[in-house]
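So you can see what is in the structure, the chains are spelled out below.
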Amino acid sequence: MKNLIRTKTAGIIAVLLLALTAVSCASDEYYYSPLEGRWELVAVNGIPVMEEDVSEFVFYSNQTGTFGQYDAYGRWNTYPITWDLSYGAGGSDILNIYMPNDTWNYRMALTSTTLTLLDLMTGNTLLYSAY
């Protein structure tokens, strides 16, 4: 009788371990960041931007995206980016943007409709609006 209970208990534990292992190996997990989407620059240091000074970020869930802006001739240019989030002093969110030849770092504040970026290089505060 004791052997039967031990065998059943061992069998149940083996099945539970197998189930936990199968669940934890799922490779198609999706991580949603509220940063995902399209953001258009609306103000720099509290001053609204003119149309020709507008820039745009598009962030995708796989930590890629695009940055777009007008050039000196009024043509819209789009550049590929990658991005990640890290934590700065005091637990602040830091947004790191990687372009082919440059890296931008911002202290970030995010709501459902606004993205405020403090440029850690220039000190400028950039206000983006979701659209």
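Calculation criteria
- Residues numbered from 1 in each chain as written.
- Predicted model: local features only at pLDDT ≥ 70, side-chain atom pairs only at ≥ 80, totals over all residues.
- Heavy atoms only, no water.
- Helix = DSSP H or I, 4+ residues; strand = E, 2+ residues; numbered from the N terminus.
- Pairing = 2+ DSSP bridges.
- Phe/Tyr/Trp six-rings, centres within 6.5 Å; stacked < 30°, edge-to-face > 60°.
- Buried < 20%, exposed > 50% of the residue type's maximum accessible area, 1.4 Å probe, protein only.
- 1 Å grid on protein atoms, 1.4 Å probe; cavity = no way out; pocket = protein on both sides within 12 Å on 5 of 7 lines; lining within 4 Å.
- Points joined across faces, edges and corners; volume = space filled by probe spheres on them.
- Nonpolar A, V, L, I, M, F, W, Y, C, P; charged D, E, K, R; others polar.

1. Overview of the environment of methionine 121
No. 1: Mapped onto the secondary structure, methionine 121 falls in the loop between strand E8 (114-119) and strand E9 (125-130).
No. 2: Along the sequence, methionine 121 and asparagine 105 sit 16 residues apart, while their C-alpha atoms lie 7.4 Å from each other.

2. Considering the pairing of strand E5 (residues 76-87)
No. 1: Across seven bridges, strand E4 (residues 64-70) lies against E5 in antiparallel orientation. Its bridge partner lying in E5, glycine 65 is registered against isoleucine 81.
No. 2: Two successive antiparallel strands, E4 and E5, enclose a turn made up of five residues, where glycine 74 displays a positive phi of approximately 80 degrees.
No. 3: The pairing of E5 with strand E6 (residues 93-99) spans six bridges and is classified as antiparallel. Each residue of the ladder has a partner; that of threonine 82, found in E6, is tyrosine 98.
No. 4: Turn length for the E5-E6 hairpin, with the two strands adjacent in sequence and antiparallel, is five residues, and the turn residue glycine 90 shows positive phi of about 75 degrees.

3. A short note on the packing of aromatic side chains
No. 1: Following the criterion strictly, the structure yields seven aromatic pairs and no others.
No. 2: A centroid spacing of 5.3 Å and a plane angle of 20 degrees characterise the contact between phenylalanine 57 and phenylalanine 59, whose relative ring orientation is stacked. The exposure classification of phenylalanine 57 matches that of phenylalanine 59, with both residues buried.
No. 3: Relative to tryptophan 104, the ring of phenylalanine 67 has its centre 5.0 Å away and its plane inclined at 85 degrees; by these criteria the two rings are edge-to-face.

4. Things to note about the pairing of strand E7 (residues 102-110)
Side-chain direction in a regular strand flips from residue to residue, so the side chains alternate between the two faces of the sheet.
No. 1: Of the strand pairs in this sheet, E6 and E7 are connected by seven bridges, and their pairing is antiparallel. The residue of E7 that forms the bridge with isoleucine 97 is tryptophan 104.
No. 2: Between the antiparallel neighbours E6 and E7 lie two residues.
No. 3: For E7 and E8, the ladder comprises five bridges, and the chain directions are antiparallel. Residue pairing across strands places methionine 108 opposite leucine 117, the latter belonging to E8.
No. 4: The turn joining E7 and E8, which pair antiparallel and follow one another in sequence, is formed by three residues.

5. Quick notes on the layout of surface pockets
No. 1: As a volume, the largest pocket reaches approximately 160 Å³.
No. 2: Lining the largest pocket are 13 residues, and of these Thr103, Trp104, Asn105, Asp119 and Met121 lie nearest its centre.
No. 3: Of the residues forming the lining of the largest pocket, the biggest block, five residues, is contributed by E7.
No. 4: Taken together, the residues of the lining of the largest pocket break down into eight nonpolar, three polar and two charged.

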